[in-house]
Amino acid sequence: DLSAYKAVIHVGDIHSCFEPLAEFFKEGFQDDYYYIFLGDFLDRGLHTKEVIQWVQGHLFDKENISIIYGNHELYLRDMLLGHPIHYTEFTHITQPALQDAGIGPEEITQLLQQLKDVMLYQYGDKRVVVNHGGIPRLPDTLLPIPSEIFWKGAGVYDHPVDQVFHDNMTSQGWIQIHGHRN
């Protein structure tokens, strides 16, 4: 129950774009707000080093911050595990930027340990499910849902997951917030 907070702020995909992140948080974090980051911190943008250093310096182990696992964090996991990565943006831009910034396995592990697959919360009379990929409905229990569904979403990328969730869950009082698509 996050109702004691003045507001809940959801921060969407950052994708290595540091300036908007720095601008939004130029006054820092407020203790009476709860912040949920929706994943995808890296790739696509120009400021991998700055973003990952900001994340490390501001988001870890704070009571009023949660971080959701995004599909681009999978590349960090795969890199740590020595799995092949077939996303050239990561291998040609993000990975070298991490190395240049001195971000190694220990720092990446620290980030990955902070991530949640999904978050359910109540805020006043609102019940909210937060994940990165978007799900079509909220089952009675989350246990049978593979983590990858929360990271990448259900269905193909252009599947109307928001409309389907709305049709399935609004009458039960649920709202979904996600990144990744739309």
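Refer to the preceding data block for the structure.
Everything numeric in this text was worked out from a predicted model, so none of it was measured. (Residues numbered from 1 in each chain as written. Predicted model: local features only at pLDDT ≥ 70, side-chain atom pairs only at ≥ 80, totals over all residues. Heavy atoms only, no water.)

A.B. asks: Could you clarify how one ought to interpret the environment of Val129 in this entry?
C.D. replies: If you trace the backbone, Val129 turns up in strand β6 (residues 126–131). Val129 sits in the buried class, given a relative accessible area of 0%. It is 5.8 Å that separates the C-alpha atoms of Val129 and Met119, two residues lying 10 residues apart in sequence. Every residue in contact with Val129, bar those within four places of it in the chain, is listed here: Val118, Met119, Leu120, Ile135, Leu138, Phe165, Trp174, Ile175, Gln176 and Ile177. (Helix = DSSP H or I, 4+ residues; strand = E, 2+ residues; numbered from the N terminus. Buried < 20%, exposed > 50% of the residue type's maximum accessible area, 1.4 Å probe, protein only. Contact = heavy atoms within 4.5 Å.)

A.B. asks: Help me out: how do you make sense of the packing of aromatic side chains in this one?
C.D. replies: Two aromatic rings, taken as a pair, are described by how far apart their centres are and by the angle between their planes. This model, assessed by the stated rule, comprises 14 aromatic pairs. A centroid spacing of 5.7 Å and a plane angle of 35° characterise the contact between Tyr75 and Phe90, whose relative ring orientation is tilted. One end of the pair, Tyr75, is in helix α3 (residues 73–81); the other, Phe90, is in helix α4 (residues 88–100), with 15 residues separating them in the sequence. With a relative accessible area of 19%, Tyr75 lands in the buried category. Of the residues examined, Phe90 reaches a relative accessible area of 0% and is grouped as buried. Aromatic rings pair up to connect Phe24, Phe25, Phe29, Tyr33, Tyr35, Phe37, Phe41 and Trp54 into one cluster. (Phe/Tyr/Trp six-rings, centres within 6.5 Å; stacked < 30°, edge-to-face > 60°.)

A.B. asks: How should I be thinking about helix α7 (residues 161–169) in this particular structure?
C.D. replies: Two residues of an α-helix separated by three or four positions point the same way, owing to the 3.6 residues in each turn. Every buried residue of α7 is listed here: Val161, Phe165 and Met169. The buried side chains of α7 occupy one side of the element, clustering within an arc of 40° when seen end-on. Packed against the buried residues of α7 are β6 and β7 (174–178). (Arc of directions from axis to C-beta.)

A.B. asks: Any chance you could explain the nonpolar core here in plain terms?
C.D. replies: Grouped together as the largest cluster of nonpolar side chains are 42 residues, with contacts concentrated most on Phe37, Phe41, Val55, Leu59, Ile67, Leu76 and Leu98. The element contributing the most residues to this core is helix α2 (residues 48–58), with four residues. Apart from the residues within four sequence positions on either side, Leu59 is in contact with Phe29, Phe37, Phe41, Trp54, Ile65 and Ile67. If you look at the next biggest cluster of nonpolar residues, it comprises 10 residues, including Val8, Tyr34, Ile36 and Leu38. (Core = buried A, V, L, I, M, F, W, Y, C linked by side-chain atoms within 4.5 Å.)

A.B. asks: Just to check I follow, could you spell out the environment of Val161 for this structure?
C.D. replies: Along the chain, Val161 falls in helix α7. What makes Val161 buried here is its relative accessible area of 2%. Taking the C-alpha atoms as reference, Val161 lies 8.8 Å from Arg137; in sequence the two are 24 residues apart. Ignoring anything within four residues of it in the chain, the contact list for Val161 reads Gly134, Ile135, Pro136, Gln176, His178 and Arg181.

A.B. asks: Please explain the sheet that holds strand β2 (residues 33–37) as it appears in this structure.
C.D. replies: Each strand in a sheet pairs with its neighbour through backbone hydrogen bonds, running either in the same direction (parallel) or in the opposite one (antiparallel). Reading across the sheet, the four strands line up as β1-β2-β3-β4 and stay open at both edges, with parallel pairing between neighbours. At either end of the open sheet lies a strand with only one pairing partner, and these are β1 (7–11) and β4 (115–116). With five bridges joining them, β1 and β2 adopt parallel strand pairing. In the strand pairing of β2, Ile9 is matched with Tyr35. (Pairing = 2+ DSSP bridges.)

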